[in-house]
Amino acid sequence: MKVSPWQSRIHRAQELAGQHPFAAEILGFYVHVARFQEELYRRLSTALQSPAASVDRELAASELSELSPRFEVFLGVSEAHGPKALAELSRELRARGRDSWSELLQTGWIAPSPSNVQGLLAQLFLQPYAELLRARAPLAPSHTAYALCPFCNRKPGFGVLRQMGDGGARSMVCSFCLAEWEFRRIVCPGCGEENDKNLSVFTASEFDYIRVECCDACKTYIKSVDLTKNGRAEPLVDELASAPLDLWAREHGYAKLQSNLLGM
């Protein structure tokens, strides 16, 4: 039986949680989120079969009527299994009722990135629906100097290096719909800088297959998971587990190009 992408991510998160105690809490929460997202993806693929395959619009009333009740369930998952601050916020949001949820989901759907923790929760919930719509649409090639998703126009959450010839080809992965598209290796995805003297790559022994790619022109960074060095990695999960690399980058004056959907 073919394993779903969510099951692969769950298995990897459980494996990494055992290897890296510092990441156990956030990976444990992600496991519950991934289980919910898989169920939501399957439900929406049947319930919402004909909406426009685009995220560049507001959610329709039919979409909100299907999504809002499931958002209440999601808030329950976050309240039960999320970190303390997130659990408390989820409890507060559940008490506000469906009208408040619809407004929050609408804002989360059209915002290019979360502006607060509430927006983060909304986009974390909406992510599988964005992924579903992207799977239904042809993905146009991306020709921009900056790294923006060719489907939903959002910034990438991380990069991936895959084997190509004697080296690795770099792709970007969208922080929202998880679209993947090719992107040149010696270019900053944040500002388009091409001078390799301003583009540095750092690794740590504990995560030697994860590259911290920093730009001294715009002082941003993105992490890329090198699958040529670790074919067992699930890039979304391994990027999440490597939080110490984010701490190192921030201490050295770099800002992450785009936080992942767990706010890291």
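Scroll up a little and you will see the structure.
Residues numbered from 1 in each chain as written. Predicted model: local features only at pLDDT ≥ 70, side-chain atom pairs only at ≥ 80, totals over all residues. Heavy atoms only, no water.

Chemist: In this structure, what is going on with the overall build of the protein? I would like to understand it.
Modeler: When you go through the protein residue by residue, the secondary structure sums to eight helices and seven strands. Against the 2.2 N^0.38 benchmark of 18 Å for 264 residues, the protein shows a C-alpha radius of gyration of 18 Å, consistent with a compact globule. By principal-axis analysis of the C-alpha atoms, the protein measures approximately 50 × 40 × 40 Å. Among the 264 residues that make up the protein, the fraction classed as buried is 50%. Across the protein, the fraction of contacts at a sequence separation of at least 24, relative to all contacts at a separation of at least 6, is 61%. Surface exposure of the protein reaches about 12400 Å², of which carbon and sulfur atoms provide 50%. Taking the average place of the 29 positive charges on the side chains of the protein and the average place of its 31 negative ones, the gap between the two points comes to 2 Å. (Helix = DSSP H or I, 4+ residues; strand = E, 2+ residues; numbered from the N terminus. Rg over C-alpha atoms; globule rule 2.2 N^0.38 Å. Buried < 20%, exposed > 50% of the residue type's maximum accessible area, 1.4 Å probe, protein only. Contact = heavy atoms within 4.5 Å. Areas by Shrake-Rupley, 256 points an atom, 1.4 Å probe, with all protein chains shown as cover. Lys, Arg positive; Asp, Glu negative; His and termini not counted. Charge placed at Lys NZ, Arg CZ, Asp CG, Glu CD.)

Chemist: What should I look at first to understand helix α3 (residues 61-81) in this one?
Modeler: A turn of α-helix holds 3.6 residues, and therefore any two residues three or four places apart point the same way. Look at α3: 30 Å from first C-alpha to last across 21 residues, which is about the 30 Å you get at 1.5 Å a residue. If you look at α3, its biggest bend is around 25°, right at Ser-68, and the proline Pro-69 turns up within four residues after that. For α3, the full list of buried residues reads Glu-63, Leu-64, Glu-66, Leu-67, Ser-68, Arg-70, Phe-71, Phe-74, Leu-75, Val-77 and Ser-78. Of the surrounding secondary structure, the elements contacted by the buried residues of α3 are α2 (24-47), α4 (84-96), α5 (98-110) and α6 (117-136). (Expected span 1.5 Å × (residues − 1). Bend = angle between axes of the 7 residues up to and from the residue.)

Chemist: What should I look at first to understand the nonpolar core in this one?
Modeler: The tendency in soluble globular proteins is for nonpolar side chains to be buried side by side. Leu-27, Leu-105, Trp-109, Phe-125 and Tyr-129 are the most contacted members of the largest nonpolar core, which totals 60 residues. Looking at which element gives the most residues to this core, the answer is α2, with eleven residues. Beyond its immediate sequence surroundings of up to four residues, Phe-125 is in contact with Phe-36, Leu-40, Leu-67, Arg-70, Phe-71, Phe-74 and Leu-105. Counting 16 residues, the second-largest nonpolar core is a separate cluster that includes Val-173, Leu-178, Ile-210 and Val-225. (Core = buried A, V, L, I, M, F, W, Y, C linked by side-chain atoms within 4.5 Å.)

Chemist: It is not clear to me how the packing of aromatic side chains should be interpreted in this structure. Could you clarify?
Modeler: Pairs of aromatic rings are described using the distance from one ring centre to the other and the angle between the two planes. Evaluation of the coordinates by the stated rule reveals eleven aromatic pairs. On the numbers, 6.4 Å between centres and 75° between planes, the contact of Phe-22 with Phe-207 is edge-to-face. One end of the pair, Phe-22, is in the loop between α1 (5-19) and α2; the other, Phe-207, is in strand β5 (residues 207-215), with 185 residues separating them in the sequence. For Phe-22, a relative accessible area of 42% puts it in the partly exposed group. When the ring of Phe-71 is compared with that of Trp-101, the centres are 6.5 Å apart and the planes differ by 75°; the resulting orientation is edge-to-face. Within this pair, whereas Phe-71 is found in helix α3, its partner Trp-101 is found in helix α5, the two being separated by 30 residues in sequence. (Phe/Tyr/Trp six-rings, centres within 6.5 Å; stacked < 30°, edge-to-face > 60°.)

Chemist: Got a minute to help me understand the packing of α4 against α6 in this structure?
Modeler: Between two packed helices, the angle of one axis relative to the other and the distance separating the axes together describe the packing. Two elements in contact, α4 and α6, have axes whose closest approach is 11 Å; the angle formed by their N-to-C orientations is 80°. It follows from the interaxial angle that α4 and α6 lie roughly perpendicular. Where α4 approaches α6, its residues Leu-86, Leu-89, Ser-90, Leu-93 and Arg-96 are matched on the opposing element by Val-117, Gln-118 and Leu-121. Considered class by class, the residues forming the contact of α4 with α6 number five nonpolar, two polar and one charged. (Axes fitted to C-alpha atoms, helices over the stretch in contact; angles between N-to-C directions. Parallel < 35°, antiparallel > 145°, perpendicular 65-115°, else oblique. Nonpolar A, V, L, I, M, F, W, Y, C, P; charged D, E, K, R; others polar.)

Chemist: Please clarify how the side chain of Ser-242 should be interpreted in this entry.
Modeler: You can see Ser-242 is positioned in the loop between α7 (235-241) and α8 (243-251). When its relative accessible area of 0% is taken as the criterion, Ser-242 is described as buried. In this view, Ser-242 contacts Phe-207, Ile-210 and Lys-223; residues no more than four positions away in its chain are not counted.

Chemist: Any chance you could explain α1 here in plain terms?
Modeler: End to end, α1 covers 21 Å across 15 residues, agreeing with the expected 21 Å (1.5 Å per residue, within 8%). Those residues of α1 that sit buried are Trp-6, Arg-9, Ile-10, Arg-12, Ala-13 and Leu-16. Elements that come into contact with the buried residues of α1 comprise α2, α6, β5 and α7.

Any functional reading would require information beyond the geometric quantities listed.
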